[in-house]
Amino acid sequence: MKKYIALSLVLASLLSGCATTSENKKSCKNDKYDVVAIVWPAYHPEPRWKEIGCFPDGNGEWQNVYEAKPKFVGHNQPIVPLWGYEHEDNAVAVARKIDAALASGVNVFMYDWYWYEGKPFLEGALNNGFLKAPNNERMKFFLMWANHDVDHLWNNKVGGKKKTERQWSADVSYDEFTKVLVPRFINYFKKPNYYKIDGKPVFSLYLLNVFVRGMEQNPELAKKALDYFRSEVKKAGFPDIELIANYIGIPGKYSPKKKNMTIAEIIDYYGIDGTFSYNVVFRKEPYSKWQDLAVAKYDELKQKTGVYYPVVSTGWDNNPRYPQDQFTQICKGKNPVGYEKHLRMARDWVDTNVPANKPKMIFINAWNEWTEGEYLEPDKTYGYEYLNATARVFGSHGQAKQ
C-alpha cells in the first residue's frame, strides 16, 4: 500500500507540470485523442511457457530482460525496470500501471491475445491482472488477436536457423473460430470498459493472411467466418464490430476472387473498417530519422488502405531474445526527446488524415515490450521521461470515446 501511495505522489508531480506552456495547455485539456498503448502480456508465470521450453525461473519473459548482457561497448543492457520485475497477472501491480498510463494521456490498452492448439496463452495478464485491478474501469481496453505462429523467438538459448522453427501453429479452423473463439471474444466485449467506436466493440486482427490460411486457405470461408462473427456480435446487442487489421497481414497469397487484388479491394471484401501497423521500425536508421520516415509510411499506407491509424515506436532492440554470440540490429540514438517529437508529428498527422467519422486514434509501441526495447514504463535509465513526454503531448484528461 505504501508503494501505491508513493506512486500516486509521483503521478501528481508529473501532472503538476502539465500546463506550463501554451502548447501544453492545449494538449492537457485535449480529450479528442484515443492514445492506445500496446500491451505484451508475457511478464508473469504462464503455465504454458514450459511447453515451449521457456523461462524456468517462473517470471515469464522478465527472465530474458534480467539475463541480457551488453553485446558491444555502450550497449544498454540489461534494462532494469524502475518498478521491479512485477508479475502482470498481479492486480495491485497493474493498478499502478493504469494510474501511470492515464496520467500520461494513454487512455486505451490494446492487449495482445493468443490462442494455440485449442487453448489460450498469456490470458492471465488480462484476466487476473488488468480486469481484477480495482481501478480497471478507468482504462479502456480491447483485444488484438496476435495470430502468428510460435517459433523459438522468445528463447534466448536458441539461435541460428533453429530460431525460426515452428513450435505452435496459429491456424484456427472455421468450427473452432465460430464455436469457441467468437463466444470468448464476445464475453470480453461485454465488459463495461471494452473500447468501442459508435457502440461497436473494436477487434484487431494481427495477420489476416494467417486467419485465411487456417480457414483451409479459402478466402470465401474466411469471409463467412467474419460474417458469422458480426452476426453473433449483433445478437449480443451491439450494432456491429469495428474490425481493425494490422497492415502487414493484408497482402498475401490467399487473395479472394481473383489474383492481384489491390489492398483496398481486399479490405472491402472482408469488411475491414480500418488499418494500423503494430510497429513501424527502421532498423538501419538512427532514431533521429524515424519521425520523418514514419510519417511518409503513414501517407503510403493511408493511400493504400483508406483508413489508417499511425503508430509511434519508441525504439528497437530485441537482443535479449538471442544468444550472446548472436547480434541483431538495434535502433541507435533512442531518446525521449525524439519520441516526443514523433508523438507530436503523429498527432498532427491524425488531425488531417483520419476521417471525421473515425476516432483520432494513435498507437504507441509499446507499453511494455521490454525485450524489443520499446516501452513507456519507467526504467533506471530514463526514469519517467517517456511517460512525461507522452503527458506533454496528450495530457491526462483524454477519455476514450464510446
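Note that the coordinates shown come from a computational prediction; the quantities given were computed from them, not determined experimentally.

Peer 1: For this particular structure, what's the right way to read unusual backbone geometry?
Peer 2: The bulk of non-glycine residues show a negative phi, and the bulk of peptide bonds are trans. Cis geometry is found at the peptide bond from Gln77 to Pro78, where omega equals -5°. Phi is positive for Phe55, close to 60°, though the residue is something other than glycine. Relative to the elements of secondary structure, Phe55 occurs in the loop between β1 (33-39) and α3 (62-67). One non-glycine residue, Glu117, lies in positive phi territory at about 50°.

Peer 1: Please explain the packing of helix α11 (residues 336-353) against helix α12 (residues 385-394) as it appears in this structure.
Peer 2: What describes two packed helices is the angle between their axes and the distance between those same axes. Two elements in contact, α11 and α12, have axes separated by 9 Å at closest approach and are oriented at 30°. By the criterion of interaxial angle, the relationship of α11 to α12 is roughly parallel. The handedness of the crossing between α11 and α12 comes out as right-handed. Contact residues: α11 offers Pro336, Tyr339, Glu340, Leu343, Arg344 and Arg347, while α12 offers Glu385, Tyr386, Ala389, Thr390, Arg392, Val393 and Phe394. Partitioning the contact of α11 with α12 into residue classes produces 7 nonpolar, 1 polar and 5 charged.

Peer 1: For this particular structure, what's the right way to read the pairing of strand β7 (residues 242-246)?
Peer 2: Note on strand geometry: in a regular strand, side chains alternate between the two faces of the sheet. With 5 of its 5 residues buried, β7 lies for the most part within the structure. The side-chain alternation of β7 yields two buried faces, one formed by Glu242, Ile244 and Asn246 and the other by Leu243 and Ala245. Here 4 bridges tie strand β6 (residues 200-205) to β7, and the two strands are oriented parallel to one another. Note that in β7 the partner of Phe203 across the bridge is Leu243.

Peer 1: Explain the pairing of strand β11 (residues 360-365) here, please?
Peer 2: For β11, the tally of buried residues reaches 6 of 6 residues, placing the bulk of the element in the interior. The alternating pattern of β11 places Lys360, Ile362 and Ile364 and Met361, Phe363 and Asn365 on opposite faces, both of which are buried. Pairing of β1 with β11, which is carried by 5 bridges, proceeds in the parallel orientation. Following the sheet pairing, Val36 is matched in β11 by Phe363. With 3 bridges joining them, strand β10 (residues 311-313) and β11 adopt parallel strand pairing. Among the inter-strand pairings, Ser313 is bridged to a residue of β11, identified as Asn365.

Analysis parameters
Residues numbered from 1 in each chain as written. Predicted model: local features only at pLDDT ≥ 70, side-chain atom pairs only at ≥ 80, totals over all residues. Heavy atoms only, no water. Helix = DSSP H or I, 4+ residues; strand = E, 2+ residues; numbered from the N terminus. Axes fitted to C-alpha atoms, helices over the stretch in contact; angles between N-to-C directions. Parallel < 35°, antiparallel > 145°, perpendicular 65-115°, else oblique. Left-handed = near helix turned anticlockwise from the far one by under 90°. Contact = heavy atoms within 4.5 Å. Nonpolar A, V, L, I, M, F, W, Y, C, P; charged D, E, K, R; others polar. Buried < 20%, exposed > 50% of the residue type's maximum accessible area, 1.4 Å probe, protein only. Pairing = 2+ DSSP bridges.

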